[in-house]
Structure formats: C-alpha cells, structure tokens
Amino acid sequence: MLEKNRHPQNGKPITPTLETCKKAASAMGLSVNDLLGKLDPDTPIEMAEPQPETPKLDGVYLSFAKQAQDEGIDPDDIMRVLEVLKGARKK
C-alpha cells in the first residue's frame with residue numbers, strides 16, 4: 001500500500017500529514033528521517049496540510065443528539081431551531 005503510494009481500494013495517492021508520519025515512525029521505533037529514508041529514492045514525497053482538530057462533544061450534547069435521533073427529529077428542524085436561538089442571542 002504505502003510503498004506504492006496508492007490507496008489499495010480507491011487508487012488515490014496517499015498523502016499523509018507530518019503528524020501521521022511521526023505516529024507511524026514512532027510505532028515502528030524509528031525517527032521520521034529514518035522512516036522516510038526507507039522509501040525508494042525515486043518515490044516522490046508529499047505531505048498533506050494538517051486538518052484542524054475537531055472539538056470533542058460533551059456527554060450532554062451527545063445525549064441531546066441521541067434523543068433527537070431516537071424521537072425521529074429531522075436534522076433540518078434542529079438546524080432551524082439553532083438559527084432561531086442564535087438570532088435570539090444577538091438581540
């Protein structure tokens with residue numbers, strides 16, 4: 001997979017972030033430099049931009065989402081209510 005620089009299922013190029021390379025190197029007991037040194041010298045190296053971290057949801061927010069799902073509340077309705085609440089806060 002990685003040695004071919006292609007995702008095995010969709011054939012798209014694999015472009016890890018530096019953070020992913022650090023984790024992979026650490027898992028193998030290597031430095032990033034040593035890990036990259038193991039690549040074929042003709043293999044081009046591209047790094048993806050790191051993605052912003054997604055904030056974790058607290059239990060109370062998850063319980064609201066679960067309740068809405070269990071009660072069959074349409075996600076579009078939830079978005080409309082959120083917009084109303086945001087508008088009320090601005091006043």
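Residues numbered from 1 in each chain as written. Predicted model: local features only at pLDDT ≥ 70, side-chain atom pairs only at ≥ 80, totals over all residues. Heavy atoms only, no water.

Asker: For this particular structure, what's the right way to read the pattern of salt bridges?
Answerer: Any two side chains of opposite charge can pair if their charged atoms end up close together. The full count for this structure, using the stated rule, is 3 salt bridges. We note a salt bridge from Asp70 to Lys66, for which the minimum N-O separation is 2.8 Å. Linking Asp70 with Lys66, this pair stays in helix H3 (residues 59–70), spanning 4 residues, or about one helical turn. Between Asp77 and Arg80 there is a salt bridge, with its nearest N and O atoms 2.4 Å apart. Placement of both Asp77 and Arg80 in helix H4 (residues 75–90) is noted, with a separation of 3 residues, approximately one turn of the helix. Looking at Asp77, the relative accessible area reads 34%, which means it is partly exposed. (Salt bridge = Lys/Arg side-chain N within 4 Å of Asp/Glu carboxyl O. Helix = DSSP H or I, 4+ residues; strand = E, 2+ residues; numbered from the N terminus. Buried < 20%, exposed > 50% of the residue type's maximum accessible area, 1.4 Å probe, protein only.)

Asker: Sorry, what's going on with the side chain of Thr17 here?
Answerer: Summarising the element assignment, Thr17 is placed in the segment before helix H1 (18–27). In this structure, Thr17 is in contact with Met47, Ala48, Glu49 and Pro50, ignoring residues within four places of it in sequence. (Contact = heavy atoms within 4.5 Å.)

Asker: Before we go on, may I ask you to explain H3 in this structure?
Answerer: A turn of α-helix holds 3.6 residues, and therefore any two residues three or four places apart point the same way. The end-to-end C-alpha distance of H3 is 16 Å, a good match for the 16 Å that 12 residues give at a rise of 1.5 Å each. In the segment just after H3, Gly72 is the residue with positive phi, at about 70°. (Expected span 1.5 Å × (residues − 1).)

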